[in-house]
Amino acid sequence: MTRQLISTLFYSVDGVASDPFRFQHDSFDADLAGLMTEAIGRIDDVVLGRVTYGEWAGYWPGHTGEDAGFAGFINGVRKHVASRTLSPQEITWSGASLIEGDLLEHVRALKAAEGGDIAVQGSLSVVRQLVEAGLIDALTLIIHPAIAGSGRSLFEGSPATRLRLINASSTQKGNVVAVYGPYRD
């Protein structure tokens, strides 16, 4: 059995996926914390885009506090960085390496290897490429009960792509958790 490639993104009602700290802080609840804790327990590898890598490599190493559980996870997991501009020498975060060559081929090889789930964290353009290629097995959109007003959508400029709903639920603070997979006839 191949490994599952998953991505979980915070989303606003108006379809914004960038900068979720602007709209999700007051609706993050125990249900979401449990969902995230369960998910990271199954993940052995993480794929990050260049921008997310840069932001997170500057923040998570050595981080403690209320997010210590996620910090322990993200600092300890194998990280694969998708970038056309970074060099291997610029990838300095422990456990991180540059994807050399084609992103889709690299992800297919990861999926074919032994191990737990592979997660794409943040990295909207990487998630978009992997969804369009049919490689994401579970795309979880956590739709917060908020309107961001501005920001990037996950699928700006994407071709029409059909997905199938795997599961949908809601949390105590009104978040909708919708899990999608590739459409298969």
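Coordinates for the structure precede this section.
Residues numbered from 1 in each chain as written. Predicted model: local features only at pLDDT ≥ 70, side-chain atom pairs only at ≥ 80, totals over all residues. Heavy atoms only, no water.

A.B. asks: Lay out the nonpolar core in plain terms, naming residues and giving numbers.
C.D. replies: Counting residues in each nonpolar core, the largest one holds 22 residues, and the members touching the most others are Val47, Leu130 and Leu154. When contributions to this core are tallied by element, the ones reaching two or more residues are β1 (5–12), α4 (103–112), β5 (117–120), α5 (124–132) and β6 (138–144). Ranked by residues supplied to this core, first place goes to α5 with five residues. The next biggest cluster of nonpolar side chains, apart from the first, holds 20 residues, and it includes Ile43, Leu48, Leu86 and Ala138. (Core = buried A, V, L, I, M, F, W, Y, C linked by side-chain atoms within 4.5 Å. Buried < 20%, exposed > 50% of the residue type's maximum accessible area, 1.4 Å probe, protein only. Helix = DSSP H or I, 4+ residues; strand = E, 2+ residues; numbered from the N terminus.)

A.B. asks: Residues and numbers for the packing of α4 against α5, please.
C.D. replies: Any two packed helices are characterised by how steeply their axes cross, that is the angle between the axes, and by the distance between the axes. At a minimum axis distance of 11 Å, the contact between α4 and α5 shows a crossing angle of 75°. With respect to their mutual orientation, α4 and α5 come out roughly perpendicular. Facing α4, whose interface residues are Leu103, Leu104 and Val107, α5 presents Val126, Gln129 and Leu130. Here the contact of α4 with α5 is built from residues that sort into five nonpolar, one polar and no charged. (Axes fitted to C-alpha atoms, helices over the stretch in contact; angles between N-to-C directions. Parallel < 35°, antiparallel > 145°, perpendicular 65-115°, else oblique. Contact = heavy atoms within 4.5 Å. Nonpolar A, V, L, I, M, F, W, Y, C, P; charged D, E, K, R; others polar.)

A.B. asks: How would you summarise the environment of leucine 154 if you had to cite specific residues and measurements?
C.D. replies: Here leucine 154 shows up in the loop between β6 and β7 (163–170). For the pair leucine 154 and alanine 17, spaced 137 residues apart in sequence, the C-alpha separation works out to 5.9 Å.

A.B. asks: Let's hear about the packing of aromatic side chains: which residues, and what values?
C.D. replies: For the structure shown, the criterion picks out six aromatic pairs. For the pair tyrosine 59 and tryptophan 60, a centre-to-centre distance of 4.9 Å together with 85° between the ring planes defines the contact as edge-to-face. What makes tyrosine 59 partly exposed here is its relative accessible area of 43%. Through pairs of rings, three or more aromatic residues link up here, namely Trp56, Tyr59, Trp60, Phe70 and Phe73. The lysine or arginine in question, lysine 79, covers the ring of tryptophan 93, its NZ or CZ lying 4.6 Å from the ring centre. (Phe/Tyr/Trp six-rings, centres within 6.5 Å; stacked < 30°, edge-to-face > 60°. Lys NZ or Arg CZ within 6 Å of the ring centre and 35° of its normal.)

A.B. asks: Summarise the pattern of salt bridges; cite the residues concerned and give the values.
C.D. replies: Applying the stated rule across the entire model yields five salt bridges. Between glutamate 38 and arginine 42 there is a salt bridge; the shortest N-O distance is 3.2 Å. Under the relative-accessibility criterion, arginine 42 is labelled partly exposed at 40%. Across the pair aspartate 117 and arginine 42 runs a salt bridge, and its minimum N-O distance is 3.4 Å. With aspartate 117 in strand β5 and arginine 42 in the loop between α1 (30–40) and β2 (43–49), this residue pair connects regions lying 75 residues apart in the sequence. The exposure class of aspartate 117 is buried, given its relative accessible area of 12%. Each of Arg3, Asp45 and Arg78 takes part in one network of salt bridges that share partners. (Salt bridge = Lys/Arg side-chain N within 4 Å of Asp/Glu carboxyl O.)

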